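Now for the letters of each chain:
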Amino acid sequence: MTYLNTRKIIALAILLLFCLDILNSGPVLKRAGAQSLQSTYELLRDNPQYAGYLDELRGAGVNDVQINAFLDALDAEVAARGSLTESTFNSVLFNSMDSLRRTGNYNDMFFAILGMLESDEILTILRGGIPASLIPLRNAVRDSMLGPPGASPAAPGSAPGGGFGGGLIIPLPDPLAAEIQRQLETGGPVVRLVPAGSTGEFVLSGALLNKINAAGKELELVFPGVTFRLPPGAMQLAGAGTLAISAHPLDAALAARLLQDIGPEHQLVGSIYELLGSTDSSILGVNFFRPVTVVLSYAGAGGELLDVYYYDEDLNEWIKMNGEIDEGNQTISFTTLHLSKYAVFSSSSKEPARQAVKVSFTDMAGHWAASDIETMVRLGLVAGVSPTQFAPDRTITRAEFAALLARATGLETAGQVTNCFTDVLPGKWYYGVVNAAAEVGLVSGYSAAAFGPDDPVTREQMTVMIARSLAYKGRNAGLAAEEVNLHLAAFKDGEKISPWARGSLALAVKLGIVKGREGALVAPGATATRAEAAVMILRMLAHL
């Protein structure tokens, strides 16, 4: 591939990112201390943390006058969008860059930025992440708008960030870190925290988050009217990273717009909440590795028939979450792998309020997998073949199972352009998801060219894909040969397991993901059903 072609591909990728309509700024806070903060250009010029970044821009073909003009315009554009929080900053920044790109006044700067990107950073961009070569610019603008870590009153005593190639470091205030440590030492099952002040946002360092995960404790974040409960391992970060979670009621004007199509049978109870999560390098929000419980209050609503709904931005409609009502505490809880806009509505339905609405598939009555499939549907990981039919005993294809794994692992599949297989054709529904899954190693083909997307997936193939997904999430240590033999010895048909699948199948048995069929059979070469696939994915989630 020529250098020119590589540059064209990179330009296409970054322009695609800037043109995406899925970025949003959400509810935000005031920019603190704006009068005393340096401009982004001054920070890049004077702060040793960013030493060398301006030189790289100059080497990419722009001079200091061009750099200064662009960064001043970028600062002004970001500031003009109101105010900021950690959880909304990335999307506000990239919306602002998109606005400047559209003016056509800074083409030289944009091509300089493009020229600094490595080819392997294209997928990072297309999957909603910030590549390493853009992090210095992101961090400098952040410091200009909100103040550098350690200078803000919200984070006294925090240390300066690392070199310009790394992520933003925002250590917690000492009192909060001490409180987390105190709760870790008490032996209780939950670390319960209330964000200080009225920010409506919680910023947790990767180092402390990892300590909570390692202790096997649930993290509970309590906001006014909203509580988050993160099980151990729901989010994993590098020690220098940060996780920001916020909960804000929408302003009246935006709330009114989202409610304009609600019929008279539904009435809003309380506020519509924008729940947001982000990390230093995420643009499109976060997908949790394990289901997170969110609890909304409906205090004072009386005896109405209630449920939680989320707003689907693509469909422009409210979708019922089938939440669990706690009448004593006047709350409704639900589980999710991502955050969005949520609200409690009362309904004129005659259905008893205390019973969460169940997923009703007429072909699931009495089925062994009914409860697990209901959970998977609620999590948004599987769906029926029709509003009333799930078809639990229908075979599932290799492409369909790859799509399940992608959703369960939070793999971003939009924008995938590299075709790994000759039989995965553009225009097919599975083109993007199969190639994205193959790119990160969740799946592989029969050969370098053939995937067999429409072939029924076998049980042993599924376990290999599951093992690869566990490894992708850092959860697969592998088994010694003796342990493999031990876990497979209980099955009468163990000798039928393909050599390439023995380790993966044994791991799945050890973790309880595979439990075999009747008659002590593991049926490695048998085609898997939709029910079996859904249940295996749900069991896998417990180990992510």
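For clarity, every value in this text was computed on a predicted model and none was experimentally measured. (Residues numbered from 1 in each chain as written. Predicted model: local features only at pLDDT ≥ 70, side-chain atom pairs only at ≥ 80, totals over all residues. Heavy atoms only, no water.)

(A) Structural detail: the environment of Tyr310. One can find Tyr310 in strand 8 (residues 305-312). Its relative accessible area of 19% is what places Tyr310 among the buried residues. In this structure, the C-alpha to C-alpha distance between Tyr310 and Leu339, residues 29 residues apart in sequence, is 9.2 Å. In this view, Tyr310 contacts Glu317, Trp318, Ile319, Met321, Ser340, Lys341 and Tyr342; residues no more than four positions away in its chain are not counted. (Helix = DSSP H or I, 4+ residues; strand = E, 2+ residues; numbered from the N terminus. Buried < 20%, exposed > 50% of the residue type's maximum accessible area, 1.4 Å probe, protein only. Contact = heavy atoms within 4.5 Å.)

(B) Structural context of helix 15 (residues 459-472). The terminal C-alpha atoms of helix 15, which comprises 14 residues, lie 20 Å apart, in line with the 20 Å expected from a rise of 1.5 Å per residue. For helix 15, the tally of buried residues reaches eleven of 14 residues, placing the bulk of the element in the interior. Three or more residues of helix 15 are buried, namely Arg459, Glu460, Gln461, Met462, Thr463, Val464, Met465, Ile466, Ala467, Ser469 and Leu470. Remark: Gly474 follows helix 15 within two positions and exhibits a positive phi of approximately 75°. (Expected span 1.5 Å × (residues − 1).)

(C) Quick look at the packing of aromatic side chains. Here the structure, examined in full by the defined rule, presents eleven aromatic pairs. Note on Phe223 and Phe228: the rings are 5.6 Å apart at their centroids and 80° apart in plane angle, and the pair reads as edge-to-face. By relative accessible area, which is 4% here, Phe223 ends up buried. Residue Phe228 is classed as buried on the basis of its relative accessible area, which comes to 0%. What links up through ring pairs into an aromatic cluster is the set Tyr309, Tyr311, Trp318 and Phe345. Looking at Arg398, its charged tip hangs above the ring of Tyr446, at a distance of 4.4 Å from the centre. (Phe/Tyr/Trp six-rings, centres within 6.5 Å; stacked < 30°, edge-to-face > 60°. Lys NZ or Arg CZ within 6 Å of the ring centre and 35° of its normal.)

(D) Representation of unusual backbone geometry within the structure. Positive phi is not limited to glycine here, since Ala391 has a value of about 55°. Counting through the fold element by element, Ala391 comes out in the loop between helix 12 (370-378) and helix 13 (398-409). With a relative accessible area of 14%, Ala391 lands in the buried category. One non-glycine residue, Ala523, adopts positive backbone phi at about 50°. Structurally, Ala523 can be placed in the loop between helix 17 (502-510) and helix 18 (530-541).

(E) Focus on the environment of Ser246. If you trace the backbone, Ser246 turns up in strand 5 (residues 242-249). Between the C-alpha atom of Ser246 and that of Pro195, which follows or precedes it by 51 residues, the distance is 9.6 Å.

(F) Fine view of the pattern of salt bridges. Scanning the entire structure with this criterion turns up eleven salt bridges. In this structure, Arg459 and Glu532 form a salt bridge, with 3.1 Å as the shortest nitrogen-oxygen distance. Within this pair, whereas Arg459 is found in helix 15, its partner Glu532 is found in helix 18, the two being separated by 73 residues in sequence. Salt bridges sharing common partners tie together Asp55, Arg58 and Asp64. (Salt bridge = Lys/Arg side-chain N within 4 Å of Asp/Glu carboxyl O.)

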